[in-house]
Amino acid sequence: MSAVQQINRDDFLDGLVRCWPDVAAQDAAWLKALRARAAGRVAALHFPDRRDEEWRFTDLSALRELNFEPAPLQKLQAPFADFERLIFPEAAATRLVFVNGHYAPELSDTHDVPPGVTLAHLKGQGATHDLAASTHLAQHADVNHEVFSALNTSLFPDAALLFIAQDVVCERPLHLLFISTAQQTPLLSSPRCLIISGRNSACTLIEEYVGLGEGVTFTNAVSEIVVEEGAHMQHVRVQDEGREAFHIANNTVTLARDAHYQSINVTLGARLSRYTLGVVHHGPGTECSVDGLALISGRQLADTHSVIDHAASHGKSTQLNKCIVDESAHAVFNGKIVVRRDAQLNDARQQSRNLLLSARARVNAKPELLILADDVKCAHGATVGQLDEEQIFYLKCRGLSETAARNLLTYAFAAEVVEKIPLVSLKTRLRAVILERVHASTETA
Amino acid sequence: MGKILLEVRNLHATVAGVEILKGFDLTVRAGEVHAIMGPNGSGKSTFSKLLAGHPAYTVTGGEVLYQGENLLALSAEERSRAGVFLAFQYPVEIPGVSNASFLRLAYNTVQKQRGGEELDPLEFDDLVREKLKLVEMEASFLERSVNEGFSGGEKKRNEILQMALLEPTLAVLDETDSGLDIDALRIVAGGVNKLLNPGNAVILVTHYQRLLNYITPQFVHVMEDGRIVKTGGKELALELEERGYDWVREEQAARQLA
Ligand SMILES: Nc1ncnc2c1ncn2[C@@H]1O[C@H](COP(=O)(O)OP(=O)(O)OP(=O)(O)O)[C@@H](O)[C@H]1O
Ligand SMILES: [Mg+2]
C-alpha cells in the first residue's frame, strides 16, 4: 500500500477521534481513562474495507469519503411536529430521548418508571450510578478490536442507562429513542446504551433509531446488555433512519446462568446499515431467541452480522432472519453460531429466509457454524426466493388484484417476525409502515 | 332452458409449447350441472385453469364466451369478480395469511365490484360462521393460515367455503371429491347442492361416479386427449365406472374410420 493511501486511510478516524478530549472535559477520572484507552485503540486499528472478512459484502468507502464532525448539543422544539407518532402509549412516561447522542430532557418522560427501575442518563447522575456504569461500561463491547466500538467509546456524549433491580418485574415497556437530525454539514452521532437486568428481573425494552430531516448523517451506536441470573428480557430494536443515513451499531449481550433474552431487530431505514449482534451464553441453562427483519428498497444496503456464542452447557438459541429486498437494494446476513468445547447439550437453530422482489435485488446470506462440543443439536437453513406465482394466481382467482396479491404475500412474509413483537402499538405501527412501503414499491414497479 | 352462461368453441391451447387442448367444445346453461370425466392427463385441469385465467396456458385457437362476452380478454381477478370460480384440484397453501383475513379480503373485493356491501371484521365473522356450517368446518380454521397444514379433505372444504362466500355464477370444481372419505364427500356434495340455483351452473371434474350419486348432472362428458369425445346423461358415468375408457376410445376410432 502506498504512503498516500495510508494517510487517507487514517484521515477519517483520526479526524473524528482527535475530538475526544473536548467530549471528555467534564468526565470523571474513570471515564476519561476509558476514553483515552479507546482513542488509542482507534489510532491502532484500521478503517475496515472489503478485504476484511467481516466486511466482505459491505463497502464502506462511500462513508469514508465524507467529512463528519461529532454532533454538538442541539435542542429540538419540543414537542416538534412529528413527535407524537414516535411515542408509544404503553411507554409514554417511561421514555428517554436522545438527539444526536445527547440527552434531550425536553422530549423525555420518566414519570411512570416504577420503583426498582432506573432509567437515566450518565451525565445527569453525578456519581449516583458511577459504580454500576464504571463496572460495566465498555467491558462487554469489543473496544480492543472493533474500531467502531472504540470510536463510540472515545466520543459518546452521554449514555442511556437502564438498570432493573433484582426480582423486579417491570410491567411497562421502556423506550429508548435516538433521533438523528440532518444538518448542513454531515454529523456523527454516537449513541450509547448500558442495560443491566438484575437477578430474576423481567423487562421489555424498545430501542429505536429514527432520522429527522433530509441529509447525510452517521450514527455509530453501541449497546451493552447484561442479563443476570434468571432474568428475562425482551428487546425490540427498530432502525428507521433517513435514506441518506449511515448507521453502524454494535450490540453485545451477556447472559448469566438461566437468563432468557428475546430480541427482534427491524431494519427499515438508512442508505447503509450494519447491525452487529453478539450474544454470549456465559452460564448454563440460558436461552435466547434473536429474530431479524430487513425491508429495504432503492439503493439501500442492510447488513446484519450476528454471533451467538454458546460458552456454557444446556443452552438454547433460535434465530429467524428475514430480508425483503426490492429494486436495487442489497441485504447481507452473516449468522455465526459457536458452541465451545465442553459446552455440551446445547440446541442452536438458525433460519435465514430471503425474498427478492426485483431482478436487481441482491442478498448474501451465510450461516457460519463453529461447533467444538460433540453432544449438541444444531440446525440451520437458508432460502432465497421470489413470490410464489401459484400463490398469486390463487389469490387472483378469489378476486384480488395482482398488486393486492403481491402486497398480501409480501406482508405475510414479514408478519412472521413482526407478529412476535410484544408491544401492540409498535406492532400496529410496523404493520402500517410495512404495508405502505410494500405498496409504494409495487406502484413504482 | 336457462340462458347460455359458457360457450367454448374449438378451443386449442398449449403449455410450455405443447398442445394440450385440441378442439375443446362445451356449452353450459344456467341451472345445469355438467360432469367432465376422463383419464389422467387428458387435459381436464388444463381446461379448468385456463378458464380461471392461469398465465401458463396459451390459447392458440377457438373462443370462450362467458355470458356472451370474450372471457379470454379478462384477467384472472376480473373473471373471478365476474362470477367465474375455480375450486382447485390442489389448493395452494399460503403461510402467514390468516384464513379469516383472506376470506374477508376476497369477499369484500368481489362485493365491491358487484356493488354489494363490504363487511368489517365483526360483521364478516357472523357471515362466515353461517357459511362454515354448510361445510361443517370448525371456526378454528379461520385463525389458521390459508390451507397450511390442512388435510386434503379440509382443503377441499375450504374451497367450497370460498364458493359459498363468493356465490359464483359458473363454478368449476376440479376433483373436489378426490381423496374424500364418504362423510366428507357427503358434506361437500351437500354444500354444493345448497349453492345450486336456476341462475348458476357447475362443472364437476371427477374420476368417480360416486360423487354423481350426490350431485346429479344433466350431462356427462368424456374428455380424451384434449377434447370432449362423448357426451351423455348421468347413466354414462355408471357405464364408464363399469367399463373404463377403452370402449369410448374404440367407439371413437370406429367413428373416425367410418
Ligand atoms: N404447467 C405445465 N407444464 C407442462 N406440462 C403441463 C403443465 N400443465 C399440464 N401439463 C401437461 O398437460 C397434460 C394435461 O394435464 P392436466 O393436468 O390438464 O390433466 P388432467 O386431465 O387434469 O389429469 P388428472 O386426472 O391427473 O388430474 C399432462 O400431460 C400434463 O403433464
Ligand atoms: Mg387434473
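That block above? That's the structure.
In this text the structure is predicted, and so the values were computed from the model without any measurement.

Enquirer: Would you mind going over the overall build of chain B with me for this structure?
Expert: When you go through chain B residue by residue, the secondary structure sums to nine helices and twelve strands. Its C-alpha atoms give chain B a radius of gyration of 18 Å, within 12% of the compact-globule value 18 Å for 258 residues. By residue count, 53% of the 258 residues in chain B fall in the buried class. Put simply, of all contacts in chain B between residues at least 6 apart along the chain, 69% involve residues at least 24 apart. Between the centroid of the 27 positive side chains of chain B and the centroid of its 37 negative side chains there is a distance of 2 Å.

Enquirer: What is the right way to read the site of ligand 1 from this model?
Expert: Residue and element names in this part refer to chain B. Among the 14 residues in the neighbourhood of ligand 1, the closest are listed as Asn40, Lys44, Ser45, Thr46 and His207. Here an oxygen atom of ligand 1 and a backbone polar atom of Gly43 are 3.0 Å apart. One nitrogen or oxygen atom from the side chain of His207 is found 2.8 Å from an oxygen atom belonging to ligand 1. For the shell around ligand 1, the element with the highest residue contribution is helix H1 (residues 44-52), accounting for three residues.

Enquirer: Got a minute to help me understand the packing of helix H6 (residues 152-166) of chain B against helix H7 (residues 182-195) of chain B in this structure?
Expert: Geometrically, a packed helix pair is captured by the angle between its two axes and the distance between the axes. Residues and elements named next belong to chain B. Interhelical geometry of H6 versus H7 gives an angle of 10° and a closest axis separation of 10 Å. Comparing the axis directions of H6 and H7 gives the class roughly parallel. Only Ala184, Ile187, Val188, Val192 and Leu195 of H7 make contact with H6, whose side of the interface consists of Arg157, Ile160, Met163 and Ala164. Of the residues that constitute the contact of H6 with H7, the class distribution is eight nonpolar, no polar and one charged.

Enquirer: Honestly, the layout of surface pockets in this entry has me stumped. Any pointers?
Expert: Gaps left between atoms show up when a probe the size of a water molecule is rolled over them. All names here are of chain A. Each pocket or cavity is described by its volume, and for the largest pocket that value is around 680 Å³. Lining the largest pocket are 32 residues, and of these Asp142, His145, Glu146, Asn250 and Thr276 sit closest to its centre. Among the elements of the structure, helix H6 (147-155), strand E12 (245-255), strand E14 (272-281) and strand E16 (301-310) are those that each provide at least two residues to the lining of the largest pocket. Among the elements that take part in the lining of the largest pocket, E14 stands out by supplying six residues, more than any other. In the lining of the largest pocket, the residues fall into 13 nonpolar, twelve polar and seven charged.

Enquirer: Help me out: how do you make sense of the interface of chain A and chain B in this one?
Expert: One frequently used descriptor of interface size is the decrease in accessible area upon assembly of the parts. The interface is formed by 15 residues belonging to chain A together with 30 residues belonging to chain B. Across the chain A to chain B interface the summed buried area is about 1800 Å²; carbon plus sulfur atoms make up 69%. When residues of chain A are sorted by the area they lose upon contact with chain B, Phe393, Tyr394 and Arg398 of chain A head the list and together hold 42% of the total. When the shortest N-O distance is used, the salt bridge between Lys396 of chain A and Glu77 of chain B registers 3.9 Å. Inspection of the chain A/chain B interface yields eleven residue pairs in polar contact (both at pLDDT 80 or more). Those elements that provide at least two residues to the side of chain A that touches chain B are helix H7 (389-396) and helix H8 (402-418) of chain A. Of all the elements, H7 of chain A adds the most residues to the side of chain A that touches chain B, at six residues. Of the residues in the side of chain A that touches chain B, the class split is eight nonpolar, three polar and four charged.

Enquirer: Help me understand empty space enclosed by the protein, please; the structure alone is not making it clear to me.
Expert: All names here are of chain A. Using the criterion set out here, one finds six cavities of 30 Å³ or more in the structure. Space inside the largest cavity adds up to approximately 70 Å³. Every residue lining the largest cavity is listed: Ser263, Asn265, Tyr275, Leu277, Val290, Asp291, Gly292, Thr304, Ser306, Gln319, Leu320 and Asn321. Here the lining of the largest cavity is built from residues that sort into four nonpolar, seven polar and one charged.

Definitions and limits used
- Residues numbered from 1 in each chain as written.
- Chains lettered and ligands numbered in written order.
- Predicted model: local features only at pLDDT ≥ 70, side-chain atom pairs only at ≥ 80, totals over all residues.
- Heavy atoms only, no water.
- Helix = DSSP H or I, 4+ residues; strand = E, 2+ residues; numbered from the N terminus.
- Rg over C-alpha atoms; globule rule 2.2 N^0.38 Å.
- Buried < 20%, exposed > 50% of the residue type's maximum accessible area, 1.4 Å probe, protein only.
- Contact = heavy atoms within 4.5 Å.
- Lys, Arg positive; Asp, Glu negative; His and termini not counted.
- Charge placed at Lys NZ, Arg CZ, Asp CG, Glu CD.
- Near = heavy atom within 4 Å.
- Polar contact = N/O pair within 3.5 Å; in protein donor to acceptor, adjacent residues only side chain to side chain.
- Axes fitted to C-alpha atoms, helices over the stretch in contact; angles between N-to-C directions.
- Parallel < 35°, antiparallel > 145°, perpendicular 65-115°, else oblique.
- Nonpolar A, V, L, I, M, F, W, Y, C, P; charged D, E, K, R; others polar.
- 1 Å grid on protein atoms, 1.4 Å probe; cavity = no way out; pocket = protein on both sides within 12 Å on 5 of 7 lines; lining within 4 Å.
- Points joined across faces, edges and corners; volume = space filled by probe spheres on them.
- Buried area = accessible area lost by both parts, 1.4 Å probe.
- Salt bridge = Lys/Arg side-chain N within 4 Å of Asp/Glu carboxyl O.

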